[in-house]
Amino acid sequence: MAYDAGEPDLARILMESPTVAVLGAHVDEGRAGFYVPAYLHGAGYRVLPVNPRFVGEVLWAVAVSARLADLREAIDLVDVFRRADAIDAHVPEILAMDPRPRVVWFQSGIRNDGAAAALRAAGLEVVQDHCTLAEHRRLGLGAPRRRPPPAA
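Residues numbered from 1 in each chain as written. Predicted model: local features only at pLDDT ≥ 70, side-chain atom pairs only at ≥ 80, totals over all residues. Heavy atoms only, no water.

## What about the environment of Arg145?
To keep it simple, the criterion reads: A helix here means a DSSP run of H or I that spans at least four residues, while a strand means a run of E at least two residues long, and both kinds are numbered starting from the N terminus. What makes two residues a contact is simply this: any of their non-hydrogen atoms within 4.5 Å.
Mapped onto the elements, Arg145 comes out in the segment after helix 5 (132-138). Separated by 100 residues in sequence, Arg145 and Tyr45 have C-alpha atoms that sit 9.3 Å apart. Contacts of Arg145, omitting those with residues within four sequence positions, involve Met15, Glu16 and Pro18.

Now the structure itself:
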């Protein structure tokens, strides 16, 4: 597993990101796109699955969305389960989110330095080649901290 020299504080990111959009969520329980977000859901995260192949399915008590643009709530972290060469196509979609997520996390084995640079240039934190499940366990974290509701 490669660690970036300027790697963000993974514990802080995980603790301050209670709402996670899973780009490339999967219905097959043996695939990382299923069991990693299932773990996060069990650890107290709100997990919103995104995959156009599975629209209409329900994962983690939420209907699967086709695109990030279809999500109707603020996302803290986009957890990416897509091949590295497919990520470039998602950068404009991520940057068009309103509000934008604070963090984009490429799962273990996924690196795309160009996409990461574009996202960082837009002010987002990026984690590459790390597993959210493995890091959550390694760091001994509990449930994420919930943000206070916005002032009325």
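## Some details on the layout of surface pockets
For the record, the criterion: The definitions used throughout rest on a 1 Å grid laid over the protein atoms alone, on which a cavity is an enclosed set of points accommodating a 1.4 Å probe that cannot get out and a pocket is an open set flanked by protein within 12 Å on both sides along at least five of seven lines; lining residues are those having an atom within 4 Å of a point. Grid points are joined across faces, edges and corners, and a volume is the space filled by probe spheres set on the points. Here the term charged refers only to Asp, Glu, Lys and Arg, the term nonpolar to Ala, Val, Leu, Ile, Met, Phe, Trp, Tyr, Cys and Pro, and the term polar to all other amino acids, Gly among them.
A volume near 370 Å³ is recorded for the largest pocket. No other element matches the four residues that helix 2 (residues 32-42) contributes to the lining of the largest pocket. Residue composition of the lining of the largest pocket, grouped by class: twelve nonpolar, seven polar and five charged.

## Description of the sheet that holds strand 2 (residues 46-50)
What counts is decided by this rule: Two strands pair if DSSP finds at least two bridges between them. Convention adopted: a line fitted to C-alpha atoms gives each axis, helices being fitted over their contacting stretch, and angles between N-to-C directions are expressed from 0 to 180 degrees.
Taken together, the five strands give an open sheet; going across it, the order is 2-1-5-6-7, and neighbouring strands pair in parallel fashion. Single-partner strands in this sheet number two, and they are strand 2 and strand 7 (125-127). Across the sheet, the mean angle separating the axes of adjacent strands is 20° when strand polarity is ignored. Relative to strand 6 (residues 103-106), strand 5 (residues 77-80) is paired through four bridges, and the arrangement is parallel. Bridge assignment links Val80 to a residue of strand 6, and that residue is Phe106. Lying over the sheet, helix 2 contacts strand 1 (19-23), strand 2 and strand 5, oriented at roughly 160° with respect to strand 2. Its contacts with the sheet place helix 4 (residues 113-121) against strand 6 and strand 7, and it is angled at close to 170° to strand 6.

## What to know about the nonpolar core
Heads up, the rule is: Only buried residues count toward a nonpolar core. Its members are Ala, Val, Leu, Ile, Met, Phe, Trp, Tyr and Cys residues joined through side-chain atoms within 4.5 Å. When accessible area is computed with a 1.4 Å probe and restricted to protein chains, residues below 20% of their type maximum are described as buried, those above 50% as exposed, and intermediate ones as partly exposed.
Ranked by size, the top nonpolar core spans 25 residues in total, and within it Tyr45 and Trp105 carry the most contacts. Taken together, the elements giving at least two residues each to this core come down to helix 1 (10-15), strand 1, helix 2 and strand 6. For this core, the element with the highest residue contribution is helix 1, accounting for four residues. Sequence-distant contacts of Tyr45, that is, excluding residues within four places in its chain, are made with Leu14, Met15, Ser17, Pro18, Val20, Leu40, His136, Pro144 and Arg146. By size, the runner-up hydrophobic cluster in this structure holds 22 residues, among which are Val78, Ile87, Ile110 and Val126.

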